[in-house]
Each structure stands twice: as structure tokens, then as C-alpha cells.
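# Fold and contact review
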Amino acid sequence: MRAAPFRTGAKRRWVGLSDTRDTLLPERIPQKHTRSVTRTDEQSPGPDIPPSGTDIITLSHLTKIFRNRTDVVAVDDVSTVVKAGEIFGLLGPNGAGKTTVIRMLTTLMRPTSGTAFVGDYEITRDPGAIRRIIGVCPQQGTLDPDLTARENLNFYGKLLDLSDAERKERIPELLKMVGLSDRANTPAGTFSGGMKRKLEIVRAFIHHPRILFLDEPTIGLDPDSRRDIWKHIRTLNEKGTTVILTTHYMDEAEHLCDRVAFMVDGKLVAVDTLENLKRAMPGGDLIEIGTEGVESTVTADLSRLENVIRVREADGIIRISAHNGSRTLPSIVSLLEHREAVITSITIRSPSLEDIFIHITGTKLDARSGGPV
Amino acid sequence: MIKGALAIFERDLRKFVRTPVLLLMSVIFPLVFLIIFGNALGGTIDHIPIGVTQEDLFRGETPLFSAAMQRMQETETFDITLYRSEEHAKTALDDGAVYAAAVFPAPYRTGGAIRLYIDSSEYLIPSVIESGFTGLIYGLGTPADIEILPIYGEIEYFQFFGVAVIVLAIFTTTMFGGGNTIIMDREMGIIEGYLTTPVKRSSIVLGMIGSGTVKAMFAASIILIVDVLIAGVIIRSLENLILILFVLLMISLGITSFIISFASRFESHVAYSALVAFFNLLLFITSGAFYPHIGMPDWLTWVSWVNPEFYSVHALRCIILRGQGLDVVYFDLVMISVFSLAAIVFGITTFRRTLE
């Protein structure tokens, strides 16, 4: 693995990407069973929402070991916080432990060791209280295929203790939101993947939960449906709902998340905002220039330009890592023209989250079997 | 083609070997069948409790009565109880304490017939009593007429069995409808959705038991109607019908609680189906549905005592075939309630409120 500069100590594992240190410090984990925050109404996202930026979920050395013939450490000593009002993305390849973290936080599994607070409640002592303030959309389909869209929502409305009047008002509203009003009385089993997913997502916030957990919300969906779902998630978040989502799609995280956490093999390897993570990339921007072939002295000259960090040339394509790429580009182009090189294409891009993920974890996100890159 | 067939063949065998319950049940199933079926359906019917009395017994026993009493005490066919009067003997018969009541004529009624009242609602037992008793009297050498009086009229095996099938209907409906639902929810992952809501585990278990009971009642009522229309079972009055429905409700609740609580422990419906199919037959056979309970060996009788279906079948036969009331079936209902309560408590306390 690369990225050694981010390792600050064996015990605390990966911390300290720019200013994220304090988000991982154990002393910020509340020691008391219940924190002294008073809330009057747990159902509504209105005035009871804690001020944006305060910690709403705290994970402290959360560990889950599945004991079987061979013990599998699914989640390995994870500590972090999620702040109220943010969209927090848990990123990692398949099998990284994202779903297990979500399952522990949503009271579906008990940690082997460590603890977590969701809202003001500890996950093993107050699971009932947690269930009242969260909405969950699990990864695999949990709609009852024999019930219609309306009946599915009604079932959950009742389980979540909504009154008849609330359900009567809320269900048509939710169905309309995801464009399923005309399919309200059709069994969910007949829906397409996208329709099912949308129905499950609105089902998760039928009761205006304070915190919404979405486990791979757009897995296997077409681009239109994904964009639709992203729009709904953002709308909800704007209304004050804290959203925790897991994904292994980098574009999803880039579109939605205020902060992201990288998970690999059960461990949390980085937590920060996208901006800070990008800034932490040593390569700055990536500039790719297509040519009809250049002399080797050209690349050497290019690497001597101001702001240029690294230059590589292969098959006529020059790949340049540079700070502040757009400002550096003119001097690169003029150097090439001066050397009479024929430029066929120019692309300039910021490093993607995928690039950052690879840089930090040494692992590709979608191709775990491929191993380190 | 061969390669494809081999692939399917291999996959299937691998799955079979990896399901220990299936493997175990496929061996144990036939063995238990042999033992249970063989003993439950082929037993010798003897030691039948019958009541004996004589008209005006206080005026002294007739030689016929004394000789018959002595012979009856010697045989293994009957376990006799002496009653003071015909009335007492018949009450015991009505209450199900004895299977028959033999009333011998008074000393002054020379040539009077012996009246043999028989509980005709049972299978095989009436004919065993009839042939055993007549053979015994004729063997005494004293000429005597015997008047056979089946107190519930002629009841065919179809009716005897038809009533018990109501219990089978309740069991199978719950097995497919109630037990499988709870497992399929887990297996299909539907449960993961509602376990994150504040619904209590008691609500989940009681809700399942409630809906299972309604489904079981529905199936039981259909079989009851079939029993009336086709088997010719008679419902005597509105009160009798209300009592029947009440007892059906109790049985449905009892058996449903039993199965739902059992099912809530399973992850895979394959293992559940294999075990429940086994229990279904074990419980039904030892319930006395096919063959009189009295014919079973002692060890199998013990299985009956802990079998809610045994009490259910008995209660239904009492109220449907014999027109008896709560005073006779209350013990059955108490036992069914005990089973229900134990099952509900077990079901709620052991229901896993997590995915582990």
C-alpha cells in the first residue's frame, strides 16, 4: 500500500487527511449512555434537528467478527462521526464492510466489540429508540412483492406508528414524488428495478426520520433512475435529514456526499470532504496531450516547467501531473509548439474520487480481484 | 447433453449433502414411520373400560350377573367398573369414562334381555366390545338375549376420520400459510426492512399467530362444512355450532402458535418443511385420528399426552359426534390453552429481532 504519509500511528490507523484529525479522535466519543440533548418531537424533522454540524452518529472502535469455520473480521475497529445535516458516504469495494456498518447502526446486528451512538442512543442498549428516529433502505429488495405499492407503504406507516390521517396524507404524496401514483395499486413484484428502488427509498422516509440510511441506493439502476434518486436524496437532505449512504460508485459519492469515508477490508482508511481529499492528492490536475510523437528531450523540458510535477510519455500521449493545471497549460502548449510537436488532443481534468481512492488505498474500487494497482 | 446432465446431477447431490436436516430426515423419516405407524395402527385393542350394572342391584345379584362379572374380570378384553344403577352407568358412558355400559335384567324379569349401550362414535372399539361381550355371555351357557344399543347411532369411519381431518386442515394451513410466511420473510430479506422499524418482536409473533389462526379457522370451517354435507355429520343445535366454532378457534390458536413459534427459529424453508412434514405425520398419527388411542402401546400413549392434536381430535369428536358439552371437553381445552401459552411465550422470547 502507498499513502504512508497519512498513517499517523498504529493504534489510530488512518487519520489526519488535512483537517479531519479531530473527527476520528477517540476523546470526542461520548462516554455517557445518553447525551444531554433534549428533543421534544422525535418524528418530525422540524425544530428538533440538532444544529447542522454537530455529531449525530458516533462510531467508537466498532468491530464485527463473523464467527464461522474461519473467523471473518467484517468491520475492524472503525471510529468516526457523522455530522447532523450532511450526506455522508461510505465508500469501498464489495466486501469492504459497508453494509455491516450500516446493519450495526440500524440495530440489525450487534457489534462484537466497540460501540456506536445514533442520535442520543447507544446501539445495543436503546435499539428501540434508534428505530424511531431512523429510516432505512437496505441493499437488497425488502418490498413485499405480493403487496401493492400503496399497501407496502401503508404497512410501514403502521409499523412506524403513523396515524390514519398521517398515512392518508403522506402515502399519495410519496407515490407522487417518485412518479408511482398511477401504479399505486399494482403489486410491487411487477415493478422494474428502478421503480422498486424508488418505492423503497420513499418508504424509508415515510415517517420523516431524522437520519436516513441508504445502502447502495442506486445499485443496478439505469442512469435516468439514478439521477432521479439522487435528486430525491438531495431534496430530503435540504430539508434537514442527515443521510448516510454506502456506494461503490464514485460518481454517486461525488454528486451527493459532503464527506466520504473510504473502507477497505473492514477498516476505515480515510474520512474527509471531497475537496480536502482532492487537495491531498500529490498529483494535482491531470493533463493529457495527444501528439504525433515527440523527442525524449521534450518530456525532460516539460518536467522542468513551473508547477509541473511529473511527466510521462507513452504511445504519443504525454501525461502530465501539474498543480493548477489550467494555468500551467499555456506554457506547456507553447513549449510544445516551440519544439514543433503536432498536438492532436488536449484533456485536462481534476483527479476523480476514483483516482483518490486508488491513491489512498492502493486498491481499485470496482476491481477488487485485480489487487493493488 | 451428458455433460449438462452430469452438471445438474452433481449440483443437486452437493446441495443435498450440504443440507444436514434433509439428509437426516430422509433416513429418520421412514424409520420413525415404521415404528410409529406400525404401533399406532396395528395395536391390539384390549382393557377397554366398560361399566356394568344390574337393574335393582340391591335386591341381589342374579346367577347370570355373577357369572358374567366373574368371567369379565378374568378376560383381558375389558376393564370393568361396577355401577349402582343403569342411570349411573349411562352417565359414565355419556361422560366418556367408559366405552360401553352393560345392564343386566333384574332377578324378577326372567327372560329379560341384557342391554349393552355402546359408544358408537369410536372406530373398531364398538365391534370389539360387541363381539367380546356376546361371545363371553354365550360362553356362560345360560341363554340370554343381548340388546345392542349404539348411543350415537351408526357412525361410519368416514365421519370418525372426517372430524379428525379438521385438525389436519388446521395444521397444514398453518404450516404452509403461517410458518412459511415467517421463514420466507427472512429468506427473501423482507424482514430486514421491517426489523429496522420500532415494531416489537411480540407484535411480529402475535401478528403472525393472529393471521395464522384466521387462516386455520377458515380451512377448518370448510372441512366442517364438507363433513356436514358429504360425511353426514350432524350439528344438533345453534349452541352446538357455537361451541364447535369456539373449540375450533382454540385449536387453531393452539396449533398455529405451536407452528409459528417453531418456524421463527428457521432460516431456510427447506429444512423447516422437512421437519414440519415429519411432525405433521407424527402428531397426526398419535392423535388417535386414524385408529383408537386405546390400541397404542404405552410408550406411544405418552407421545399422545404431549400432543396438542390428541386433545384437539378428542374435543372435536366429543362435541361433533357425541354432542357433548364443555363439561366433557374442558380438560382438552385447558391442555390446548397450556400448549398455546407455552408456544406463544417460547415464540416471543426466542424470536430473533436481529439478522443474526
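Residues numbered from 1 in each chain as written. Chains lettered and ligands numbered in written order. Predicted model: local features only at pLDDT ≥ 70, side-chain atom pairs only at ≥ 80, totals over all residues. Heavy atoms only, no water.

### Overview of the overall build of chain A
Helix and strand counts for chain A stand at 12 helices and 16 strands. Here chain A holds 373 residues, and the buried ones make up 53% of them. The contacts of chain A with a sequence gap of at least 6 include a subset with a gap of at least 24, amounting to 69%. Only carbon and sulfur atoms are counted for the fraction: they give 49% of the accessible area of chain A, which is about 17,100 Å². (Helix = DSSP H or I, 4+ residues; strand = E, 2+ residues; numbered from the N terminus. Buried < 20%, exposed > 50% of the residue type's maximum accessible area, 1.4 Å probe, protein only. Contact = heavy atoms within 4.5 Å. Areas by Shrake-Rupley, 256 points an atom, 1.4 Å probe, with all protein chains shown as cover.)

### Some remarks on the interface of chain A and chain B
One frequent convention defines the size of an interface as the accessible area lost when the parts assemble. In this assembly, 23 residues from chain A lie in contact with 15 residues from chain B. Roughly 1,700 Å² is buried in total at the junction of chain A and chain B, and carbon and sulfur atoms are behind 62% of that figure. Per-residue buried area on chain A facing chain B is highest for L108(A), R131(A) and L159(A); these three make up 36% of the total on that side. Taken together, the connections running from chain A to chain B amount to two salt bridges. In this structure, R103(A) engages E192(B) in a salt bridge whose closest nitrogen and oxygen atoms are separated by 2.9 Å. Of all the secondary structure elements, the ones that give two or more residues to the side of chain A that touches chain B are helix 3 (127-133), strand 8 (134-137) and helix 4 (149-159) of chain A. Per-element accounting of the side of chain A that touches chain B gives the leading share, three residues, to helix 4 of chain A. (Buried area = accessible area lost by both parts, 1.4 Å probe. Salt bridge = Lys/Arg side-chain N within 4 Å of Asp/Glu carboxyl O.)

### Structural notes on the environment of L93(B)
All names here are of chain B. Within the secondary structure, L93 is located in helix 4 (residues 86-94). Of the residues examined, L93 reaches a relative accessible area of 1% and is grouped as buried. Residues L93 and D119 lie 26 residues apart in sequence; the distance between their C-alpha atoms is 7.1 Å.

### Quick notes on a nonpolar patch on the surface
All names here are of chain B. Where nonpolar side chains cluster on the molecular surface, the patch consists of M1, I2, L6, F9, L13, F16, V17 and L23 and spans about 860 Å² of accessible area. Of the residues forming the nonpolar patch, the biggest block, six residues, is contributed by helix 1 (residues 2-17). Structurally, the position occupied by F16 is in helix 1. (Patch = residues over 30% accessible without salt bridge, like charges linked within 9 Å, V, L, I, M, F, W, Y side chains within 5 Å.)

### Topic: the domain arrangement of chain B
Residues and elements named next belong to chain B. Considered domain by domain, chain B is made up of domain 1 (48-150) and domain 2 (156-355). Computed from C-alpha atoms alone, the centre-to-centre distance between domain 1 and domain 2 is 38 Å. Taken over both partners, the interface formed by domain 1 and domain 2 buries close to 860 Å², and the fraction arising from carbon and sulfur atoms is 65%. Sorting the residues of domain 1 by area buried against domain 2 places S121, E122 and Y123 first, and these three jointly supply 54% of that buried surface. At the boundary of domain 1 with domain 2, the tally comes to two salt bridges. Of the charged contacts, one joins R322 and E122 as a salt bridge, the two residues approaching to 3.0 Å between their closest N and O atoms. The tally of links from domain 1 across to domain 2 stands at three residue pairs in polar contact (both at pLDDT 80 or more). Considered class by class, the residues forming the side of domain 1 that touches domain 2 number six nonpolar, two polar and four charged. (Domains from an automatic or database assignment. Polar contact = N/O pair within 3.5 Å; in protein donor to acceptor, adjacent residues only side chain to side chain. Nonpolar A, V, L, I, M, F, W, Y, C, P; charged D, E, K, R; others polar.)

### Considering the nonpolar core
With 122 residues, the main nonpolar core has L199(A), F262(A), L248(B), L316(B) and I320(B) as its most contacted residues. Once residues within four sequence positions are removed from consideration, L248(B) is found in contact with I166(B), I170(B), M217(B), A220(B), L224(B) and L316(B). Listed in part, the 33 residues of the second largest apolar core include L59(A), M109(A), Y121(A) and A129(A). (Core = buried A, V, L, I, M, F, W, Y, C linked by side-chain atoms within 4.5 Å.)

### So, the confidence of the model for chain B
For residues with low pLDDT, the predicted coordinates do not support detailed interpretation. Confidence in the prediction of chain B, expressed as mean pLDDT, is 86, and 99% of residues score 70 or more. Predicted complex metrics record ipTM = 0.77 and pTM = 0.77. (pLDDT = per-residue confidence, 0-100.)

### Quick look at the pattern of salt bridges
All names here are of chain A. A complete count under the given rule lists 24 salt bridges over all chains for this structure. The shortest N-O distance in the salt bridge between R319 and E288 comes to 3.4 Å. Taken together, the residues R319 in strand 15 (residues 317-322) and E288 in strand 13 (residues 285-291) connect sequence positions 31 residues apart. By sharing partners, the salt bridges in this structure join R197, E200 and R203 into a single network.

### Focus on the pairing of strand 8 of chain A
All names here are of chain A. Side chains I134 and V136 project from strand 8 onto one buried face, and the interleaved G135 and C137 project onto a second face that is buried too. Taken together, the four bridges between strand 8 and strand 9 (residues 211-215) define a ladder with parallel strand orientation. Counted as the bridge partner of C137 is L214 from strand 9. (Pairing = 2+ DSSP bridges.)

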